[in-house]
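Observations on the model geometry
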Amino acid sequence: MNDIAKSLNLKEKSVSVAPMMDWTDRHCRYLHRLLTRRALLYTEMVTTGALVHGDVPRHLRFNAEEHPVALQLGGSEPAELAHCAKLGEEWGYDEINLNCGCPSERVQRGAFGACLMNEPQLVADCVKAMVDVVKVPVTVKHRIGIDKTESYEFVRDFVGAVSEAGCRTFIVHARNAWLKGLSPKQNREVPPLRYELVHRLKHDFPELVFSINGGFDDNAQMHAHLRLLDGVMIGREAYHNPWWLSEWDAVFFKEAPSTLTREEVELAMCDYMVREAAEHGTPWSNIARHMLGLRNGLAGARRWRQVWSDHRLKALAPHDVMALAHEPVAQAA
């Protein structure tokens, strides 16, 4: 664990990048860490089944540079979650997070994710099982309600029950999860945002740590909520516009701003692609897909994205692809 991870405490986790399936893999997190030293990064959700029955190194391997980094688990069986939380701690993760917010049908079939909010005592049992076997924080990410249940009391009682089991930090996506009739994408857009419910949770549980998630795309919004809450988690906007992350250390952590240019970040990613290919046989295209938003808004960005997305170039070395991508950028400038 590096010095940042060692010094991390709950109050310092003011900004984080959300766990996003198929997106926040270790390559994405490597890019994000180049842009912000301080934001907390989350893995994609890893199911307990994948760790109990699958390839543990494939699911848990990450780069030392990623700290502070949290492992998000999906599951509903306390003993399995305890086993997987212990694995996560042994692999060096700085936090273990339980997913109680994903509404996908596949997750529902596994009886975990957002549907767990209907069973707060089971979630409490899961949390206690994990807290009992690890020293790192165990946190929960959840919604404000399920389907058309919009009473504040529902989420208040959920937080109350789970906090009694030892969870001190709650990351709240400020929308309901509609378990039937909406896709996961629609579940991020259709149910209305109700930030005020998260603010009420902080008022009613002042001793707990609350981070809010949902709908943020600028620093002013984040600052407004940080005045009332302990943290803000950013999802899709952080992925689609990664250069935004380069502002965060200065804006939210009062540290010196990043001095890296976009080109230096891109070059560092090329070096990383070479290393990954040598150590794990990873094609550079598996990594490049995460940085396609790096030049959003700049002249030549469309052509630049096209080059990095062109699988016909996969035989080229990453640094050669970068040179090719910047030919039209230089001309456009």
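I will try to describe carefully the structure that is included in this document. (Residues numbered from 1 in each chain as written. Predicted model: local features only at pLDDT ≥ 70, side-chain atom pairs only at ≥ 80, totals over all residues. Heavy atoms only, no water.)

1. Concerning the overall build of the chain
Helices and strands together make up the secondary structure of the chain, namely 17 helices and eight strands. In summary, the chain has a C-alpha radius of gyration of 20 Å against a globular reference of 20 Å for 333 residues, a match within 12%. Dimensions of the chain along its principal axes, counting C-alpha atoms only, are 60 × 45 × 45 Å. By residue count, 54% of the 333 residues in the chain fall in the buried class. Within the chain, counting contacts between residues at least 6 apart in sequence, those at least 24 apart form 73% of the total. Approximately 14,200 Å² of the chain is accessible, and the part contributed by carbon and sulfur atoms is 53%. Of note, the chain has its 39 positive side-chain charges centred 3 Å away from the centre of its 43 negative side-chain charges. (Helix = DSSP H or I, 4+ residues; strand = E, 2+ residues; numbered from the N terminus. Rg over C-alpha atoms; globule rule 2.2 N^0.38 Å. Buried < 20%, exposed > 50% of the residue type's maximum accessible area, 1.4 Å probe, protein only. Contact = heavy atoms within 4.5 Å. Areas by Shrake-Rupley, 256 points an atom, 1.4 Å probe, with all protein chains shown as cover. Lys, Arg positive; Asp, Glu negative; His and termini not counted. Charge placed at Lys NZ, Arg CZ, Asp CG, Glu CD.)

2. Overview of the sheet that holds strand β7 (residues 209-213)
Taken together, eight strands build a closed barrel; the order of strands is β1-β2-β3-β4-β5-β6-β7-β8 and the barrel is parallel. The mean angle between the axes of side-by-side strands here comes to 30 degrees, regardless of whether they run parallel or antiparallel. The pairing of β7 with strand β8 (residues 231-234) spans three bridges and is classified as parallel. By the bridge assignment for β8, Ser211 is matched with Gly231. (Pairing = 2+ DSSP bridges. Axes fitted to C-alpha atoms, helices over the stretch in contact; angles between N-to-C directions.)

3. As for the pairing of strand β4 (residues 95-100)
Extensive coverage of β4 is indicated by the burial of six of its six residues. Residues Glu95, Asn97 and Asn99 of β4 are buried on one face, and the alternating residues Ile96, Leu98 and Cys100, pointing to the opposite face, are buried as well. Direction of pairing for strand β3 (residues 69-74) relative to β4: parallel, over a ladder of four bridges. Bridged to Leu73 within β4 is Leu98. Between the parallel pair β3 and β4, the chain is carried across by helix α5 (residues 78-91), and the sense of this crossover is right-handed. Bridging between β4 and strand β5 (residues 138-146) involves five bridges; their strand directions are parallel. The residue of β5 that forms the bridge with Ile96 is Val138. (Right-handed = clockwise from strand over helix to strand, strands pointing away.)

4. Thoughts on the nonpolar core
Judged by nonpolar contacts, the single largest core of 98 residues is most densely connected at Trp248 and Trp308. The residues contacting Trp248, other than those within four sequence positions of it, are Val15, Ser16, Val17, Thr36, Ala39, Asn219, Met222, Ile234, Ala238 and Phe253. (Core = buried A, V, L, I, M, F, W, Y, C linked by side-chain atoms within 4.5 Å.)

5. Some remarks on helix α11 (residues 219-226)
Taken together, the buried positions of α11 are occupied by Asn219, Met222, His225 and Leu226. Buried residues along α11 cover an arc of 130 degrees about the axis, so they all sit on one side. The inward-facing, buried residues of α11 abut β1 (15-17), α10 (195-204), β7, β8 and α13 (248-253). The residue sitting at the N-terminus of α11 and contributing the capping side-chain oxygen is Asp218; that oxygen lies 3.1 Å from the backbone nitrogen of Ala220. (Arc of directions from axis to C-beta. Polar contact = N/O pair within 3.5 Å; in protein donor to acceptor, adjacent residues only side chain to side chain.)

6. With respect to the layout of surface pockets
Estimates place the volume of the largest pocket at around 860 Å³. Taken together, 34 residues line the largest pocket, and the ones lying closest to its centre are Pro19, Met20, His173, Arg188 and Arg236. Breaking the lining of the largest pocket down by element, the ones donating at least two residues are α6 (105-109), β5, β6 (169-177), α9 (184-187), β8 and α12 (236-240). Among the elements that line the lining of the largest pocket, the one with the most residues is α12, at three residues. (1 Å grid on protein atoms, 1.4 Å probe; cavity = no way out; pocket = protein on both sides within 12 Å on 5 of 7 lines; lining within 4 Å. Points joined across faces, edges and corners; volume = space filled by probe spheres on them.)

7. Notes on the pattern of salt bridges
Going through the model one piece at a time under the given rule, you end up with 13 salt bridges. Note that Glu66 and Arg29 form a salt bridge whose closest N and O atoms lie 2.5 Å from each other. Of this pair, Glu66 sits in the loop between α4 (56-60) and β3 while Arg29 is found in helix α2 (residues 26-35), placing the two residues 37 residues apart along the sequence. Classification of Arg29 as buried rests on a relative accessible area of 4%. With a shortest N-O distance of 3.2 Å, Arg37 and Glu255 are connected by a salt bridge. (Salt bridge = Lys/Arg side-chain N within 4 Å of Asp/Glu carboxyl O.)

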